[in-house]
Amino acid sequence: MDPSSLEFDPSVMSLIAELVGTAVFAASGASAAVGKRLDLFGVVVIGSICALGGGALRDLLIDAKPLVLSDWRYLLVAVIAALVVFRFHPALSRVRTMMLVLDAAGLALFTVIGTLKGLDFGFAVYAACIVGVLSGIGGGILRDVLVQEIPAVLREDFYALAAAIGAVMVGVGARWESQIGHWTLMLSAIGVIFVVRLVAIRYRWEAPKPKS
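The notes below deal with the structure included here. (Residues numbered from 1 in each chain as written. Predicted model: local features only at pLDDT ≥ 70, side-chain atom pairs only at ≥ 80, totals over all residues. Heavy atoms only, no water.)

Side note on the packing of helix α2 (residues 40–61) against helix α6 (residues 125–146)
Axes are the key here: two packed helices are described by the angle between their axes and the distance separating the axes.
Part 1: Look at α2 against α6: their axes get within 8 Å of each other, and the N-to-C directions meet at 150°. Judged by the sense of rotation from one axis to the other, the crossing of α2 with α6 is right-handed. Contacts from Ile-46, Ile-49, Cys-50, Gly-53, Gly-54, Leu-57, Arg-58 and Leu-61 of α2 reach α6 at Val-131, Leu-134, Ser-135, Gly-138, Gly-139, Gly-140, Leu-142, Arg-143 and Leu-146.
Part 2: Counted by class, the contact of α2 with α6 contains 9 nonpolar, 6 polar and 2 charged residues. (Axes fitted to C-alpha atoms, helices over the stretch in contact; angles between N-to-C directions. Helix = DSSP H or I, 4+ residues; strand = E, 2+ residues; numbered from the N terminus. Left-handed = near helix turned anticlockwise from the far one by under 90°. Contact = heavy atoms within 4.5 Å. Nonpolar A, V, L, I, M, F, W, Y, C, P; charged D, E, K, R; others polar.)

A word on the nonpolar core
Part 1: The biggest cluster of nonpolar side chains holds 39 residues, and the ones touching the most others in it are Leu-107, Val-112, Met-186, Ile-190 and Ile-193.
Part 2: Within the residue set of this core, elements represented by two or more residues are α1 (10–35), α2, α4 (72–88), α5 (95–120), α6, α8 (157–173) and α10 (182–203).
Part 3: With 10 residues, the single largest contributor to this core is α5.
Part 4: Not counting residues within four places of it along the chain, the set of residues in contact with Ile-193 comprises Leu-107, Ala-108, Thr-111, Val-112, Ala-162, Ala-163 and Gly-166.
Part 5: Counting 11 residues, the second largest nonpolar core, distinct from the first, contains Phe-25, Ala-26, Ala-51 and Ala-78. (Core = buried A, V, L, I, M, F, W, Y, C linked by side-chain atoms within 4.5 Å. Buried < 20%, exposed > 50% of the residue type's maximum accessible area, 1.4 Å probe, protein only.)

Regarding α2
Part 1: Its 22 residues give α2 an end-to-end C-alpha distance of 32 Å, which sits within 8% of 32 Å, the value for a rise of 1.5 Å per residue.
Part 2: Along α2, the helix axis deviates most sharply at Leu-52, where the bend reaches about 35°.
Part 3: Taken from the residues just after α2, Asp-63 is the one with a positive phi, measuring 60°. (Expected span 1.5 Å × (residues − 1). Bend = angle between axes of the 7 residues up to and from the residue.)

Focus on a nonpolar patch on the surface
Part 1: Taken together, the side chains of Phe-41, Val-45, Ile-49, Leu-142 and Leu-146 define a hydrophobic patch exposed on the protein surface, amounting to about 430 Å² of accessible area.
Part 2: Among the elements of the structure, α2 and α6 are those that each provide at least two residues to the nonpolar patch.
Part 3: Per-element tally for the nonpolar patch: the top contributor is α2, with 3 residues.
Part 4: Mapping Phe-41 onto the fold places it in helix α2.
Part 5: Phe-41 sits in the exposed class, given a relative accessible area of 64%. (Patch = residues over 30% accessible without salt bridge, like charges linked within 9 Å, V, L, I, M, F, W, Y side chains within 5 Å. Areas by Shrake-Rupley, 256 points an atom, 1.4 Å probe, with all protein chains shown as cover. Salt bridge = Lys/Arg side-chain N within 4 Å of Asp/Glu carboxyl O.)

Considering α10
Part 1: Across its 22 residues, α10 extends 32 Å between first and last C-alpha, which sits within 8% of the 32 Å expected from 1.5 Å per residue.
Part 2: If you check which residues of α10 are buried, you get Leu-185, Met-186, Ala-189, Ile-190, Ile-193, Val-196, Arg-197 and Ala-200. Taken down its axis, α10 places every buried residue within 135° of arc, on the same side. Exposed side of α10, more than 90 degrees from the buried face: Leu-187, Arg-202 and Tyr-203 are the residues found there. (Arc of directions from axis to C-beta.)

Topic: the packing of α2 against α4
Part 1: It is at 8 Å that the axes of α2 and α4 come closest, and there the two elements cross at 135°. One finds that α2 runs oblique with respect to α4. With respect to the hand of their crossing, α2 and α4 are arranged in right-handed fashion. The residues of α4 that touch α2, namely those facing Leu-40, Val-43, Val-44, Gly-47, Ser-48, Ala-51 and Leu-52, are Tyr-74, Leu-75, Ala-78, Val-79, Ala-82, Leu-83 and Phe-86.
Part 2: Considered class by class, the residues forming the contact of α2 with α4 number 12 nonpolar, 2 polar and no charged. (Parallel < 35°, antiparallel > 145°, perpendicular 65-115°, else oblique.)

The following block contains the structure:
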């Protein structure tokens, strides 16, 4: 067997990563909607908007057609993920905890993918990092607004900051991508965002707030 035939197609792997991120954010949005006792339609709508909002914002920033308008698979994955959460949520313990973990995973995936896309479109490192952070936090903001919660990015300092750390890792590390390896760089940044976000939740890391 030709060893080259075992190599991963970067475009296929990028698509898989985006679909996984879409499913994760859809589950996060659906979990929030379930927690608010919304009906099936509400759960699917909020799950889909949460899943697709960050990617649509990213594509608008890089002046590309939003993938959700050109590829039906994204919407399908979002709807299926939301339906799964709606159907099996009674078997899922501590929905709030599950939502936080899913949100951290979605934040990590979309931030890294968004930063890489910004770099692919020729953006400077700082601009690509901005695209990545907005891509990561966009879906969560829409979810929180729709379920009438203060967006996490406005009340939890280590939400956007976790995304920024990973985005900078990708932006700076891209210069040495040939030595580091594309997937090593990508997975390392995803892991850092995910761990920083969860540790911040666990230990309640936050910026100073006004005294009452």
